[in-house]
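Chain and residue survey
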Amino acid sequence: MNRVNGKLLLLIASCTMLSCEQSELTQDTAAIIQKEANSLLQVRTRTSTTADEVTVSYPVNVYVFNGEKCVSLQTIADETQTLNISLTEGSYDVYAIGGATSENYILPSEANATSAMSITLREGKSHADLMAAKSHVVLVDGGTNVLTLSMERKVMRLQSVVLQSIPSAATAVSVTLSPLWKNLEGVSYKDELGTETIALTKQEDGRTWSFSGSHYLLPPSANSATITVNIIKPTGTTSYTYNTSEPFVAGDVINIEGKYTEAIGVTLTGTITGAKWNEEKTISFDFNEQGTQPSGDNAEKNTPSTPTDYVSVDNIPEAGSTYQGCYVLSVSENEGISEVLLLSLKQKATIYENGVNEATALSAIENAMPECAVSGIEGWRLMNDEEIELVRQNKNKISKLDTDAKYLFINSDGKLRVGQFSAGQVSSGWSFKSTDILRPVAIVKMKKK
């Protein structure tokens, strides 16, 4: 008699190193394998014995490869399911990706999946609690192979940021982490993102800016991680940067606390706890106008960052050209250093509702500013009145510029205004509407190699 093709069953349960294996199997209708199945692959994870241990992130996508061909793909919704796959004898690679949904990630299908498949974050989406596992098995004719997978967390988590005594003139405050990985290739990292900026929210006292929750990030792609605090005022942006001597790794939980003092700048302390999987790490560092200095127990082993006044380039871009996709509004030179004024390639409307006051508008703008930032370039801010005039003069050359719209800027008195490109001038108004557009500028200092 012909062997009956096997039916596919699903199993997954929580993962931790100190736990027992799930043994109960439940039946489920299976997809038919085209070849005759003569062996059985049982895939399991480990299940937690206590409520506060780490659990598997669902859904879990399980890919089974025979060489470069994917012979099975199943999505497991929760820990009540088990996985039994009937296969022909041979060698197989099993990949499991946890926490990745089709809403947040571009996932390969069974037809186009390879062992080097890319798990890619969708544009505008944030990482989830991403996990992965990989194993190699050999099945013999008539045999059963029980494979237990321990899922490995691939992300770190920014849990909270609290900055106190920030100047009341600040219109936005953010924290930037860099350089970070962006995607997974199989269970490995790929595609360096450069930076990720987390916008902070002003609290009721007007001087505290904070973030709390769970913001998942793939770990840094370099041995040294960089943390930058950006304080944005109508007059421009001041950034304070710290380079860690120890890298952040997957599984780290990051809490950052800081305090601004008028004479010194920002004093910042950071705590990284491993949340049961990693050893606890504490990093302390000071920010001030003279640069970054470690403090406390880290004073000897942490290396202060040395601010770079300029970037070295083969050629200084000319006004009217583009640099990293941004429009070059002007270029000025002083003692061999060129200041290149850039207009972001990104813009955003519908920032606030019609008729809001200036304070409410500024608060909404500060939250929207990171969405208009261009990766690799810091110091994004609102245009001033001279800069928006440059935009008007070049309006027909600038990509995605709506010449009939009203753009936000700061006038010479430090007031928020909306400017419209009238004939020969920028018409200034102060009645804020949802159609007003944010398109920031930044200055990059450059020196020719």
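Residues numbered from 1 in each chain as written. Predicted model: local features only at pLDDT ≥ 70, side-chain atom pairs only at ≥ 80, totals over all residues. Heavy atoms only, no water.

Thoughts on the overall build of the protein
- The number of helices and strands found in the protein is two helices and 34 strands.
- For the protein, the residues scored as buried account for 48% of the 449 residues in total.
- Of all intrachain contacts in the protein linking residues separated by at least 6 positions in sequence, the fraction that spans at least 24 positions is 66%.
- Of the roughly 21600 Å² of accessible surface on the protein, 45% is carried by carbon and sulfur atoms. (Helix = DSSP H or I, 4+ residues; strand = E, 2+ residues; numbered from the N terminus. Buried < 20%, exposed > 50% of the residue type's maximum accessible area, 1.4 Å probe, protein only. Contact = heavy atoms within 4.5 Å. Areas by Shrake-Rupley, 256 points an atom, 1.4 Å probe, with all protein chains shown as cover.)

Considering the sheet that holds strand E32 (residues 416-422)
- Reading across the sheet, the four strands line up as E30-E31-E32-E33 and stay open at both edges, with mixed pairing between neighbours. Each having just a single partner strand, strand E30 (383-384) and strand E33 (425-429) make up the two edges of the open sheet.
- Pairing between strand E31 (residues 406-410) and E32: five bridges, direction antiparallel. Looking across to E32, one finds that Ile-410 is bridged to Leu-416. (Pairing = 2+ DSSP bridges.)

A short note on unusual backbone geometry
- Geometrically, the link from Tyr-58 to Pro-59 is a cis peptide bond, its omega value of 0 degrees lying close to zero.
- Its place among the elements puts Pro-59 in the loop between strand E3 (39-48) and strand E4 (60-66).
- Positioned with a positive phi, Gln-324 is a non-glycine residue whose angle comes to about 50 degrees.
- Here Gln-324 is to be found in the loop between strand E27 (322-323) and strand E28 (326-334).

Notes on the sheet that holds strand E26 (residues 311-313)
- Read from one edge of the open sheet, five strands run E26-E34-E29-E28-E27, paired in mixed fashion. Only two strands of the sheet have a single neighbouring strand rather than two, namely E26 and E27.
- Pairing between E27 and E28: two bridges, direction antiparallel. Residue Thr-322 lies in a different strand from E28, and its bridge partner there is Tyr-327.
- Running over the sheet, helix H2 (residues 385-393) touches E28, strand E29 (337-343) and strand E34 (441-448) and is turned about 125 degrees from E28. (Axes fitted to C-alpha atoms, helices over the stretch in contact; angles between N-to-C directions.)

With respect to the packing of aromatic side chains
- Across all of its chains, the model carries five aromatic pairs by this definition.
- Joined through ring pairs, the aromatic side chains of Tyr-63, Phe-65 and Tyr-95 make up one cluster.
- Between the NZ or CZ atom of Lys-154 and the centre of the ring of Tyr-189, over which it lies, the distance is 4.8 Å. (Phe/Tyr/Trp six-rings, centres within 6.5 Å; stacked < 30°, edge-to-face > 60°. Lys NZ or Arg CZ within 6 Å of the ring centre and 35° of its normal.)

Description of the pairing of E31
- With respect to burial, E31 is a largely interior element, four of its five residues being buried.
- Across two bridges, E30 lies against E31 in parallel orientation. Within E31, the residue paired with Asn-384 across the bridge is Ile-410.

Let's talk about the confidence of the model for the protein
- Across the protein, pLDDT averages 76, with 76% of residues at or above 70.
- Low pLDDT, under 50, characterises residues 1-35; the stretch is placed with 113 contacts to residues that sit more than four places away or in other chains.
- Ignoring residues within four places in sequence, the model shows residues 270-308, a span with pLDDT below 50, making 114 contacts including any to other chains. (pLDDT = per-residue confidence, 0-100.)

Some points on helix H1 (residues 358-372)
- Here H1 contains 15 residues, and its C-alpha end-to-end distance of 20 Å stays within 8% of the 21 Å for a straight helix at 1.5 Å per residue.
- Approximately 30 degrees is the largest bend angle found in H1, and it occurs at Glu-366, with the proline Pro-370 only one to four residues beyond.
- Residues of H1 that are buried: Ala-361, Leu-362, Ala-364, Ile-365, Glu-366, Ala-368, Met-369 and Cys-372.
- On its buried side, H1 packs onto strand E14 (172-178), strand E18 (201-202), strand E19 (209-217), strand E20 (226-233), E31 and E32. (Expected span 1.5 Å × (residues − 1). Bend = angle between axes of the 7 residues up to and from the residue.)

With respect to the pattern of salt bridges
- Here the structure, examined in full by the defined rule, presents seven salt bridges.
- Ionic pairing is found between Lys-125 and Glu-103, a salt bridge with its closest N-O pair at 3.9 Å. Of this pair, Lys-125 sits in the loop between strand E9 (118-121) and strand E10 (131-139) while Glu-103 sits in the loop between strand E7 (90-98) and strand E8 (105-106), and the two are 22 residues apart along the sequence.
- Between Lys-348 and Glu-371 there is a salt bridge, with its nearest N and O atoms 3.4 Å apart. One end of the pair, Lys-348, is in the loop between E29 and H1; the other, Glu-371, is in helix H1, with 23 residues separating them in the sequence. (Salt bridge = Lys/Arg side-chain N within 4 Å of Asp/Glu carboxyl O.)

Observations regarding H2
- Considered for burial, the residues of H2 that qualify are Glu-387, Ile-388, Val-391 and Arg-392. The arc that holds the buried residues of H2, viewed along the axis, is 150 degrees, so those residues lie on one side.
- The residue sitting at the N-terminus of H2 and contributing the capping side-chain oxygen is Asn-384; that oxygen lies 3.1 Å from the backbone nitrogen of Glu-386. (Arc of directions from axis to C-beta. Polar contact = N/O pair within 3.5 Å; in protein donor to acceptor, adjacent residues only side chain to side chain.)

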